[in-house]
Amino acid sequence: MDAVEEESLKTFLKWATKLGITDSPEHNLLSHSIHSSSCLGKSLYVSHFPEAGGRGLVAIRDLRKNELILKVPKSALMTTESLTSNDQKLDSCIARHSHLSSTQKLSVCLLAEMGKGKSSWWHIYLMQLPRHYDTLASFTKFETQALQVDDAIWTTERVISKAESDWKEACPLMRELELKPQFSTFKAWLWASATVSSRTMHVPWDDAGCLCPVGDFFNYAAPGEESFDGEEDLESRKRDTTLQSNFLWDDTDSSEKKDVEQLERRLTDAGYEKDVDAYCFYARDNYKKGEQVLLSYGTYTNLELLEHYGFHLIVNPNEKAFLPLEADIHSNSWPQDSLYIQWDGRPSFALLSALRLWTAPQSQRKFVGRLAYSGLQLSAENEIAVMKWLVANCHTLLDRLPSSVEEDVLLLDFIDNMHMYPIHEVGQIPLACGDELVSFFEDNKLQKKCNAVEFPLPSKAIRSLERWKLSVQWRLRYKQILVCCVSYCKEVIEFLSSQHISCKKAIVT
Ligand SMILES: C[S@@+](CC[C@H](N)C(=O)[O-])C[C@H]1O[C@@H](n2cnc3c(N)ncnc32)[C@H](O)[C@@H]1O
């Protein structure tokens, strides 16, 4: 953090203190000195975590799981309501455009507030917001194609066109508000909508949520990593629930459902609490002094994290790799989005069950249906056929993609070290993904005389490089899951085949 950023952070933390934001919430808010120079310093402080989210919050003492560690009063939350209540013109214009979604309205309010510059009551907070984001909506065509997997490319294209149509719909409102031209461009819209998407927190009175100063410094940890007090993990509980509600036990005990609901609620470590009129944040785990304190924003796959937050995780227990499936595999009963390969390479409960049933002879399907839906193997032959189907389909998919795992690893290594080369002769770069690299240079208009590229790259190209890297990392992770699935299936085949042989031997002898 440079001196200017440090000064700006200090000013912000002092401003936040005056609003009653505190990391020592056990003390009465009123007794907490509003003359203190920082609202942090008792439990948390702002720090930098280059490998885990950049700016974030560090524990400055040991924290206990479930301990209340931050409280942000309602008066410090930025919402459409709070922004319009101080601005009559904004209020009446928004009211005339009631057809816009709540996120469109909050995005416009945010741009209107930015347009006020230093005269905005929120100016000090607005200066703390990132200047740009890497969410999918900001991906160029080149960066989108770099995802390689059709589903991911389609999702990105859909997200980009949704952002464009949202902006076009909001343009008449922004014209009415007479926003300065730079605050009503598509680029400005992308910034505002990414701010809303990546930083808002749920509040019960507005679907768009709220911007929560200081609370929005928490970086993300995926739910599913921590233990649920010795209970089985949520995914398996959820799977059970899906199974129960869809097929076999429609008369599920409602206490069972409540139990799962309760577990789901505990996925959120923060929430608006009406009785104290404040947003309250609880430690999701025990933290040692010096550790980054994280928050779970919800359960997301890596593509969803990219879409809403502009990052993804190397290890994400909620990651899913989808395979193209023939219609009759899922037509039976399972929702299509439950049929995937898990982050560890194992087929999901539903995919395994659907494949077992689909692989069984047509005449036996009715008879073995109950077994399959209960998650049981139908027979060793059936299981081997399922595993072989998975191996073959993973291979087909991997072969169809333009680059291999090894090539992606080399490319990422090259991207990371690019800055170390003073000048590149593009034609001489010995990389399997050389064509892609040339496209990156062309896309960013970086080629100069004699095909050479000058470093350091301009800042626009550096940002594009970051997004390209996110795409390559994403597709690499996808391929690694398929590779893990192949290994897993081969192990199962080997195990079942050896058992089958020893069984036959036992019968013969
Ligand atoms: C609510 S903000 C968290 C604070 C943010 N780092 C900041 O500087 O303001 C969410 C953003 O932080 C980043 N982020 C959060 N958790 C992350 C993680 N585990 N890995 C990488 N980036 C993360 C992403 O850019 C995301 O959009």
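A brief look at the structure comes next. (Residues numbered from 1 in each chain as written. Predicted model: local features only at pLDDT ≥ 70, side-chain atom pairs only at ≥ 80, totals over all residues. Heavy atoms only, no water.)

### Some remarks on the pattern of salt bridges
Two side chains bearing opposite charge may form a pair once their charged atoms approach each other closely. Put simply, the test is: Take a side-chain nitrogen of Lys or Arg and a carboxyl oxygen of Asp or Glu: if they are within 4 Å of each other, that pair is a salt bridge. Helix and strand definitions follow DSSP, with helices as H or I runs of at least four residues and strands as E runs of at least two, each counted in order from the N terminus. Exposure is judged per residue with a 1.4 Å probe applied to protein chains only, and the accessible area is read against the type maximum: over 50% gives exposed, under 20% gives buried, and values in between give partly exposed.
Applying the stated criterion to the full structure yields 17 salt bridges. Among the ionic pairs, D87 bridges to K116, the shortest N-O distance being 2.9 Å. Pair noted here: D87 is in the loop between α2 (80-85) and α3 (88-96) and K116 is in the loop between α4 (102-115) and α5 (123-126), with a separation of 29 residues, a long-range link. A salt bridge links R475 to E436; the shortest N-O distance between them is 2.9 Å. Placement of the pair is R475 in helix α18 (residues 459-508) and E436 in helix α17 (residues 434-443), with a sequence separation of 39 residues. Considered together, R475 and E436 belong to a single accessibility category, that of buried residues. Beyond isolated ion pairs, a larger network of salt bridges with shared partners links D408, E436, R475 and K479.

### Digging into the environment of I341
Cut-off, in case you're wondering: By definition, residues are in contact when any of their heavy atoms lie within 4.5 Å.
Counting through the fold element by element, I341 comes out in strand β11 (residues 341-342). Among the residues examined, I341 registers a relative accessible area of 0% and is labelled buried. Remark: the alpha-carbon pair of I341 and L351, spanning 10 residues in sequence, is separated by 7.8 Å. Leaving out residues up to four positions away in the same chain, I341 has contacts with E319, K320, A321, L323, R346, P347, L351, C394, I481, L482 and C485.

### Re the packing of helix α13 (residues 349-359) against helix α15 (residues 380-400)
Cut-off, in case you're wondering: Axis definition: a line fit to C-alpha positions, over the contact stretch in the case of helices; interaxial angles, taken between N-to-C directions, run 0 to 180 degrees. Working definition: roughly parallel below 35 degrees, roughly antiparallel above 145 degrees, roughly perpendicular at 65 to 115 degrees, and oblique for all remaining angles. Helix crossings get a hand from a simple test, with the near helix turned counterclockwise from the far one by less than a right angle marking a left-handed crossing and a clockwise turn marking a right-handed one.
Running from N to C, α13 and α15 cross one another at 115 degrees; their axes reach a closest spacing of 9 Å. For the element pair α13 / α15, the angle class is roughly perpendicular. Two packed elements cross with a definite hand, and for α13 against α15 that hand is right-handed. Residue-level inspection shows L351, L352, L355, R356, W358 and T359 of α13 in contact with α15, the latter providing N382, E383, A385, V386, M387, W389 and L390.

### Overview of the state of the cysteines
Short version of the rule: When two cysteine sulfur atoms are found within 2.5 Å, that pair is recorded as a disulfide.
Evaluation of the coordinates by the stated rule reveals zero disulfides. In this model C485 remains outside any disulfide bridge; the closest cysteine sulfur is found in C394, 3.9 Å from its own.

### Here we look at the sheet that holds strand β7 (residues 270-273)
Cut-off, in case you're wondering: Think of it this way: DSSP has to see at least two bridges between two strands before they count as a pair.
Ordered in space as β3-β8-β7, the three strands form an open sheet in which the pairing is antiparallel. Since the sheet does not close on itself, it has two edges, and those belong to β3 (68-73) and β7, each with one partner. When strand polarity is set aside, the average angle formed by the axes of neighbouring strands in this sheet is 25 degrees. Both β3 and strand β8 (residues 278-282) contribute to a ladder of five bridges, which runs antiparallel. Across the sheet, the residue bridging to K71 is C280, located in β8.

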